[in-house]
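Chains, contacts and geometry: an overview
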Number of protein chains: 4
Amino acid sequence: MRRRIFETEHEDFRDAVAEFVSRQVTPNIEAWAEAKGLPREFWLQAGQQGLLGLEVPEEFGGGYPQDYRFNAVVFEELARASFAISSCVGIDADIVPPYIVDLGTPEQHARWLPGVAEGSTVTAIAMTEPSGGSDLANLKTTAVRDGDEWIVNGSKTFITNGYSADLVVVAARTSPEKKAKGITLFGVETGMAGFERGRKLDKVGQPESDTAELFFTDVRVPAENIIGQVDTGFIQMMKNLPQERLGAAVYGLAHARQILDETIGYAKERKAFGQSIGAFQHNKFLLAELVTKVEVTQAFLDDAIMAHTAGELSAVDAAKAKYWASDVQNEVIDHCVQLYGGYGYMNEYRVARAWKDARVNKIWAGSNEIMKELIGRDLGL
Amino acid sequence: MRRRIFETEHEDFRDAVAEFVSRQVTPNIEAWAEAKGLPREFWLQAGQQGLLGLEVPEEFGGGYPQDYRFNAVVFEELARASFAISSCVGIDADIVPPYIVDLGTPEQHARWLPGVAEGSTVTAIAMTEPSGGSDLANLKTTAVRDGDEWIVNGSKTFITNGYSADLVVVAARTSPEKKAKGITLFGVETGMAGFERGRKLDKVGQPESDTAELFFTDVRVPAENIIGQVDTGFIQMMKNLPQERLGAAVYGLAHARQILDETIGYAKERKAFGQSIGAFQHNKFLLAELVTKVEVTQAFLDDAIMAHTAGELSAVDAAKAKYWASDVQNEVIDHCVQLYGGYGYMNEYRVARAWKDARVNKIWAGSNEIMKELIGRDLGL
Amino acid sequence: MRRRIFETEHEDFRDAVAEFVSRQVTPNIEAWAEAKGLPREFWLQAGQQGLLGLEVPEEFGGGYPQDYRFNAVVFEELARASFAISSCVGIDADIVPPYIVDLGTPEQHARWLPGVAEGSTVTAIAMTEPSGGSDLANLKTTAVRDGDEWIVNGSKTFITNGYSADLVVVAARTSPEKKAKGITLFGVETGMAGFERGRKLDKVGQPESDTAELFFTDVRVPAENIIGQVDTGFIQMMKNLPQERLGAAVYGLAHARQILDETIGYAKERKAFGQSIGAFQHNKFLLAELVTKVEVTQAFLDDAIMAHTAGELSAVDAAKAKYWASDVQNEVIDHCVQLYGGYGYMNEYRVARAWKDARVNKIWAGSNEIMKELIGRDLGL
Amino acid sequence: MRRRIFETEHEDFRDAVAEFVSRQVTPNIEAWAEAKGLPREFWLQAGQQGLLGLEVPEEFGGGYPQDYRFNAVVFEELARASFAISSCVGIDADIVPPYIVDLGTPEQHARWLPGVAEGSTVTAIAMTEPSGGSDLANLKTTAVRDGDEWIVNGSKTFITNGYSADLVVVAARTSPEKKAKGITLFGVETGMAGFERGRKLDKVGQPESDTAELFFTDVRVPAENIIGQVDTGFIQMMKNLPQERLGAAVYGLAHARQILDETIGYAKERKAFGQSIGAFQHNKFLLAELVTKVEVTQAFLDDAIMAHTAGELSAVDAAKAKYWASDVQNEVIDHCVQLYGGYGYMNEYRVARAWKDARVNKIWAGSNEIMKELIGRDLGL
Ligand SMILES: Cc1cc2nc3c(=O)[nH]c(=O)nc-3n(C[C@H](O)[C@H](O)[C@H](O)COP(=O)(O)OP(=O)(O)OC[C@H]3O[C@@H](n4cnc5c(N)ncnc54)[C@H](O)[C@@H]3O)c2cc1C
Ligand SMILES: Cc1cc2nc3c(=O)[nH]c(=O)nc-3n(C[C@H](O)[C@H](O)[C@H](O)COP(=O)(O)OP(=O)(O)OC[C@H]3O[C@@H](n4cnc5c(N)ncnc54)[C@H](O)[C@@H]3O)c2cc1C
Ligand SMILES: Cc1cc2nc3c(=O)[nH]c(=O)nc-3n(C[C@H](O)[C@H](O)[C@H](O)COP(=O)(O)OP(=O)(O)OC[C@H]3O[C@@H](n4cnc5c(N)ncnc54)[C@H](O)[C@@H]3O)c2cc1C
Ligand SMILES: Cc1cc2nc3c(=O)[nH]c(=O)nc-3n(C[C@H](O)[C@H](O)[C@H](O)COP(=O)(O)OP(=O)(O)OC[C@H]3O[C@@H](n4cnc5c(N)ncnc54)[C@H](O)[C@@H]3O)c2cc1C
């Protein structure tokens, strides 16, 4: 069915993003994958194109439409080219800025937001630790007050943009005895003494994104880098995670749609036993099911996008969107691989990469099991 | 997520229908199930309530809002009480009237529509034959012209309302050599000589609906009972089937929603091993998945309802809605049965009946396999 | 693949059972279904045929081959005709006798076993109560010692053969404070004062089996009717449940095999669009999958049958067999229904009844969820 | 359940293979993966260990037990360490030798078999072409007789061991008009003029195996390198494919078993929310299901192994084994990835590699769709 949530302004924006992607992104993916990360140039161009400032108020260089449909457009168009890049941009432009905008001081706004919007300040958010990502309230990195500074010790892992980020929002324990209520967010910046990064992690997929382990050894973070109130970090993360999850759902589905479209094309052209492989009823029915599943999911996500645009998206609906869409994404692309036969197992084929890229979407941003916990709890179970 | 397609007028109508259902339907289901059919009284009350005239122009006693949301409301509220009744009303009020309204002569309008709207003329539509339902174009019942009359011979089976209907729209072959292009629709009425009915079919579920085999032996149908042009019946059925399929989707999902709600309640109350069975994580996650699946499906159906209200629903989107929603309905209810344990296997429990009632939704109105054929063809496969 | 576990003696026995079934069972199923239970005549004939004495030592009239393959043969051949009857015979001949044989006194052996073997004493076992079946250790029916008698109070539900049984093994609490270690088995017999039965329960399927609620009001059971030691009933049930579960798996799969065979036949004969419906690739692949699933499952069950014959079947392997086979049974038959189209929803078709009959196999004999608990625990989780 | 097919001699052999694997294989996998292929040294050691001569008669240096259980042991033990290596050895030792042994001339036996058994002659088989693998009968590589030589032209792709093989069995068309009946097998050897190889293909997984495209430009193959009769190649491949498919099933399942075992260990140790993640009921049930699925599948494969040992395995049963086991393998490992959380997406974790390695097993050796075609046809559909 025709999607009904976009107005002319979104469609115009989509055209612009699509053009940017085909001009600046697609031709370079190969090289960035080999380099295992996005170059600064990409970020600056994306900034110039207005992709990084959607969550940044105009006075700091952003567009700030306060209309999540624009964010969705960015995600969708990027994900058609590269799932990894949509997720890197997601962290940088969609997930980190709201923390600064909503919780930051005017001084922090002025210091950080212009760079975020223009792409000169790449950001990351570091919650997960080697000992656990799901049980966020139990994190072990500590920050201890020492005069006007806080001394941060610990490590984080699996941090998207972690290797290249200039500014990392780090969740650390400030009140040991208070569990969820003893966590604070710190803006840790490149160059702070004691802040080191491991090598880029060798992932199953998404080579064009850098993911890293971060180490904090007596890093002295000035108090003015605290984001929000001391000991309120957990609640802030809970408040912001829905947007992260909706994003993951949106670009996950867009990714699957694109690969599915390409696969349908392949299934029409590839011949076996004298007919196109898509004409075999088993494959025809399969493709009919996948297309249906994708469109059904889109309808739900579109509702969620509208709800979020209206400021009404609940955490539990974001959880539904995230788990459902990432499952669909993976299921669809797995079938697409099969339809490509042996080529589906060759990295030079987009479908093969997509398959590897997609898998993590069921794990990160709160694993799908954690999503079901949230939904189940919401049912009163 | 909150559904966004209904306005105040629909919600008011929903309240009225819900009240009607709880007053006139729910208390009688047991008796109607035992009687294996709905009494005339039901039809008259439903007519009075305005449930049967949504597709009938005002001049003939209908409401005719030309807004499919009202139809959806009727289906949803009936299905919460009884899936069977929603399907009977579907045939009578949602499927048959458009044939008469769109194709009928002014004389037919005047003759039939008032009775349809008030419930005094119960209707059915007879396409399927013992030798096949999927391959409609291949039907074998014949109608041969004889002066001002047509002589109909053959039989039909699985006809909803077939035992009690006053007026049956019968698809018959008028041009033997022309396959799909040789089928015509006839209004066959109770009392015509040679028109007989078999006993009420003994179905797996839905005892409160009558389903019957119909026999036509030299039935002389006057030419003025032809609905639409001779030899155009197939195309008319194709044109009207999307509404039938959307209806099946809508009441199928409403049925599942209701049973799921009741099951969640049961899972909270039923105890095992010292806790409610819904608190076991396996069940909690399962219910989280089912609720998500239902809501995702609702979003798609709501889009389809709006598209149909705008006159834009394509046959292929109706096919998607029908197969997907009926699958979801059955999957959801099957899990609900399991959660009820042994009680789920006892007919006195609503969940048990729902399970039996739901199964046919994957078969009728075009089997789900036929739906996938349509979708696959639309993809160019 | 050819099954490899049966020797000539089993095959001969199979032929005899098959002949008995086709002569004495198949022609009567309809009538027994209408009567909602098996007549005494059936039991006596089955006894005469040697079907009821496989677990009864020869001195008491049984065959007692101590080779579970014979039991499997009985189940398989009965289930091909009627899933319900295989389950009734299962309770009577396969589940209850071992309690008496293994735990009973010589006097009980002499009193009860001959009747069991000849079919004049029909048996049942009553564990489940209205308040719960999964949490067996928590049962509420009490038995309090009073001299040489025990006074039993409480109720049981969902008891197979419960309406017609002459002898019911009843699990009752004898030590309130000792949970699982305070349960004792009693042989309660027809005619004992205060032992009453509710009506035959109205089930989704299996009408030819009677299932009933049992009520015990100050029933005085003589001490010599205690089966096994006081307070050891729970451990005995745990010891005997594996055989019950293996049985449920064996006849569940045999049931599915039979229906699947019939469906393949139907799919070859039924035509649509000018070809047999089984020739459509979607259906062909589906049937290929179902046949494979059935054969894969058979291989596992055959291993389990051999293990049990050797006295080596673990409780956890029985749990695997039960949950897996009952899932396969239901999945297979559900697809078979679909392949029959509208006929699959008509009770006169065997596939329709099979579908209703099969559903309970995932619930009883320990629900599939309880099976997974056992398996999971065995993994050390 | 305990597997029952192995005798002491197989278990002793298993111990020896296991030791070889842990000594010579496991420590080197990393390096071989980086080198994108197995070194000659590996082959020679494997030959010395007796792994490569199971299909080679003793007079040519093989073991030739004519007992497929030994082959199964080799596969299982290799697959526990590396799915890729089991597949490379499969081609070299299990798939190619039977062609030579069964069809070859005494001269070919003497020329090739000793090298195969000792690992000095690595082999490959080249059926698939860029234009299609499923429709084997339609292959396009040609061989035209020219005196005592045949001139081969065309290309093959996805050839396992293709980059390193000394001897490649190449299927080529010798009678253009005869489709399946016009294909002949040629032994093409390294060094023949006009025989070239593309680079090692960049696969999704299995880096330690080399897979290559092969090009034949006027390659003059002497007539004495024809394997079997001219124009009978297709039937020979059909005859030998069941063994290939059984092998794929056997090492696929062994692979999944191993990863599942490791995952259960991980699930016991990894903590979240104060308990091991395997203790959450959802995960516990999931692992219970996966273990069951693996054991059920093993039972079927063990039957198939015994049937094949007895020379009775049908092509259709091999097809069932292959599609079913590869599906199970992939499903199991996918869930294992999920249980590892973020680590499941890191290449340094075995589970991550296993996930990538496994995917192709549903595609090669005849895709699972082709397997279902075969099974469906065998059902008469
Ligand atoms: C490529 C990549 C990029 C990432 N980017 C970031 C980033 O930018 N910032 C950041 O902070 N993190 C990031 N993450 C981390 C990610 O959010 C975590 O991996 C995820 O939250 C899971 O945590 P974990 O890996 O520690 O798994 P664990 O928490 O150890 O979980 C292991 C398994 O147990 C399950 N489990 C846990 N609790 C329960 C429960 N109660 N019931 C049932 N099952 C349960 C999980 O679902 C999972 O299957 C990234 C991860 C990856 C792989
Ligand atoms: C309770 C009930 C009420 C009904 N009410 C009505 C009614 O009011 N009016 C009316 O006209 N009909 C009615 N029907 C009939 C219903 O529409 C048909 O049963 C349905 O269309 C299927 O036709 P069939 O039963 O002849 O199955 P068949 O057409 O024989 O199909 C058998 C199987 O083959 C499959 N199949 C068929 N073609 C293909 C293909 N090309 N590819 C793959 N698979 C295929 C089908 O999906 C099905 O699984 C009703 C049926 C029931 C059970
Ligand atoms: C036709 C029929 C015949 C029967 N015959 C007999 C008989 O002859 N004798 C006899 O004693 N009983 C008999 N039973 C009863 C049967 O064994 C029980 O119905 C069954 O054990 C489930 O118990 P329940 O119905 O009380 O469900 P409950 O125990 O209330 O369970 C409800 C749901 O909760 C789930 N659940 C329970 N515990 C857990 C857990 N820890 N984790 C996750 N989920 C859980 C269950 O799986 C089920 O889905 C019969 C039942 C039927 C329907
Ligand atoms: C890593 C790897 C190693 C390999 N090793 C070897 C080797 O050593 N030697 C060798 O000869 N080959 C080898 N192969 C090739 C492999 O056997 C083929 O890839 C496989 O047979 C499928 O052929 P294809 O890739 O051309 O797909 P296609 O034949 O183009 O098939 C594409 C899709 O269409 C489906 N399809 C085809 N026909 C039908 C039908 N009738 N009905 C429904 N669906 C259909 C297929 O299942 C598949 O999903 C290897 C492949 C890989 C990836």
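Quick caveat: nothing in here was measured; it's all calculated off a predicted structure. (Residues numbered from 1 in each chain as written. Chains lettered and ligands numbered in written order. Predicted model: local features only at pLDDT ≥ 70, side-chain atom pairs only at ≥ 80, totals over all residues. Heavy atoms only, no water.)

**A word on helix α1 (residues 8–25) of chain B**
All names here are of chain B. Note the cut-off: A run of H or I in DSSP becomes a helix once it reaches four residues, and a run of E becomes a strand once it reaches two; helices and strands are each numbered from the N terminus. To estimate how far a helix should reach, multiply one less than its number of residues by 1.5 Å. Throughout this description, buried means an accessible area under 20% of the type-specific maximum (1.4 Å probe, protein chains only), exposed means over 50%, and partly exposed covers the range between. As used here, the arc is the angular range of directions from the helix axis to the C-beta atoms. It only takes one pair of heavy atoms within 4.5 Å for two residues to be counted as in contact.
Under the 1.5 Å per step criterion, the end-to-end length of α1 is 24 Å for 18 residues, consistent within 8% with the ideal 26 Å. Those residues of α1 that sit buried are His10, Phe13, Arg14, Val17, Phe20, Val21, Gln24 and Val25. With its buried residues spanning 130° around the axis, α1 presents them on a single face. Exposed residues on α1 whose side chains face more than 90 degrees from its buried face are Thr8 and Asp15. For α1, the secondary structure elements touched by its buried residues are α2 (29–35), α3 (40–48), α4 (68–81) and α5 (83–103).

**A few points about the site of ligand 3**
How we decide: The rule for a residue being near a molecule or strand is that one of its heavy atoms must lie within 4 Å of it. Each polar contact in these results corresponds to two N or O atoms within 3.5 Å; when the atoms are within protein, one needs to be able to donate a hydrogen and the other to accept it, and residues that are neighboring in sequence are counted only if both atoms are side-chain atoms. Only the protein chains shown count as cover for residues, with accessible areas throughout obtained via the Shrake-Rupley method and a probe of 1.4 Å.
Taken together, 32 residues surround ligand 3, and among them Arg270 and Gln338 of chain B together with Gly133, Ser134 and Ser367 of chain C come closest. Neighbouring residues of ligand 3 are distributed over chains B, C and D. A distance of 2.8 Å separates a nitrogen atom of ligand 3 from a polar side-chain atom of threonine 128 of chain C. One of the side-chain N or O atoms of serine 134 of chain C is found 2.6 Å from an oxygen atom in ligand 3. Calculation on ligand 3 without its partners gives an accessible area of 970 Å², and the protein chains cover 97% of this total. Going through the elements one at a time, α9 (315–339) of chain B together with β1 (123–126), β3 (149–160) and α11 (368–378) of chain C are the ones with two or more residues in the shell around ligand 3. By residue number, the principal contributor to the shell around ligand 3 is β3 of chain C, which donates three residues.

**Let's talk about the interface of chain D and chain A**
Heads up, the rule is: Computed with a 1.4 Å rolling probe, the buried area is the accessible surface lost when two parts are put together, summed over both parts. When a carboxyl oxygen of Asp or Glu lies within 4 Å of a side-chain nitrogen of Lys or Arg, that pair is called a salt bridge.
Chain D puts 45 residues into the contact, and the matching count from chain A is 45 residues. Both sides together, the interface formed by chain D and chain A hides about 3800 Å², and carbon and sulfur atoms give 58% of it. Across the contact surface, chain D and chain A share six salt bridges. Between aspartate 334 of chain D and arginine 359 of chain A there is a salt bridge whose closest N-O contact spans 2.9 Å. Counting the contacts that link chain D with chain A gives 26 residue pairs in polar contact (both at pLDDT 80 or more).

**Focus: the pairing of β1 of chain C**
Residues and elements named next belong to chain C. Inclusion rule: Between any two strands, pairing holds if DSSP finds at least two bridges.
Neither face of β1 is left uncovered, since the one carrying Thr123 and Ile125 and the one carrying Ala124 and Ala126 both have all their residues buried. In this structure, β1 lies alongside strand β4 (residues 167–173), joined through four bridges in parallel fashion. By the bridge assignment, alanine 126 is partnered in β4 with valine 170.

**A word on the packing of helix α8 (residues 281–309) of chain A against helix α8 (residues 281–309) of chain C**
Our working rule: Fitted lines through C-alpha atoms serve as axes, helices being fitted only where they are in contact, and the angles separating the N-to-C directions of these axes extend from 0 to 180 degrees. Convention used here: angles under 35 degrees read as roughly parallel, angles over 145 as roughly antiparallel, angles from 65 to 115 as roughly perpendicular, and any remaining angle as oblique. When residues are sorted by character, Ala, Val, Leu, Ile, Met, Phe, Trp, Tyr, Cys and Pro go into the nonpolar class, Asp, Glu, Lys and Arg into the charged class, and all the rest, Gly among them, into the polar class.
It is at 7 Å that the axes of α8 of chain A and α8 of chain C come closest, and there the two elements cross at 95°. Put simply, α8 of chain A runs roughly perpendicular to α8 of chain C. Residues Gln281, His282, Asn283 and Phe285 of chain A of α8 of chain A touch α8 of chain C, and the partners they reach there are Gln281, His282, Asn283 and Phe285 of chain C. Classifying every residue of the contact of α8 of chain A with α8 of chain C by side-chain character gives two nonpolar, six polar and no charged.

**Thoughts on the UniProt feature "domain: Acyl-CoA dehydrogenase/oxidase N-terminal" (unreviewed entry) in chain A**
Put simply, the rule is: UniProt positions are given in the numbering used here, feature names are shortened, and annotations may be inferred rather than shown by experiment.
With numbering matched to this structure, UniProt assigns "domain: Acyl-CoA dehydrogenase/oxidase N-terminal" (unreviewed entry) to residues 8–119 of chain A. Secondary structure within residues 8–119 of chain A divides into 73% helix and 0% strand; the distance between the first and last C-alpha atoms comes to 27 Å.

**Considerations on the packing of helix α7 (residues 233–269) of chain B against helix α10 (residues 350–358) of chain B**
For any two helices packed against each other, one specifies the crossing angle of their axes together with the interaxial distance. All names here are of chain B. We apply this condition: Handedness of a helix crossing follows the sense of rotation of the near helix relative to the far helix, less than a right angle counterclockwise being left-handed and clockwise being right-handed.
Packing of α7 against α10 brings their axes to within 11 Å, and their N-to-C directions diverge by 155°. Here α10 runs roughly antiparallel to α7, going by the angle between their axes. Remark: the crossing between α7 and α10 carries left-handed chirality. Of the residues in α10, those touching α7 at His255, Gln258, Ile259, Glu262 and Thr263 are Arg350, Val351, Ala354, Asp357 and Ala358.

**Details of the pattern of salt bridges**
Under the definition given, this model contains 116 salt bridges over all chains. When the shortest N-O distance is used, the salt bridge between glutamate 77 of chain C and arginine 80 of chain C registers 3.5 Å. Here glutamate 77 of chain C and its partner arginine 80 of chain C are both found in helix α4 (residues 68–81), three residues apart, which amounts to about one turn of the helix. When its relative accessible area of 40% is taken as the criterion, arginine 80 of chain C is described as partly exposed. Notably, a salt bridge pairs aspartate 146 of chain D with arginine 220 of chain D, separated by 2.1 Å at the nearest N-O pair. Placement of aspartate 146 of chain D in strand β2 (residues 142–146) and of arginine 220 of chain D in strand β7 (residues 211–222) is noted, with a sequence separation of 74 residues between them. Overall, the relative accessible area of 37% leaves arginine 220 of chain D in the partly exposed class. When salt bridges with common partners are traced through the structure, they connect Arg3, Glu11, Arg14, Glu76, Glu77, Arg80 and Asp302 of chain A into a single cluster.

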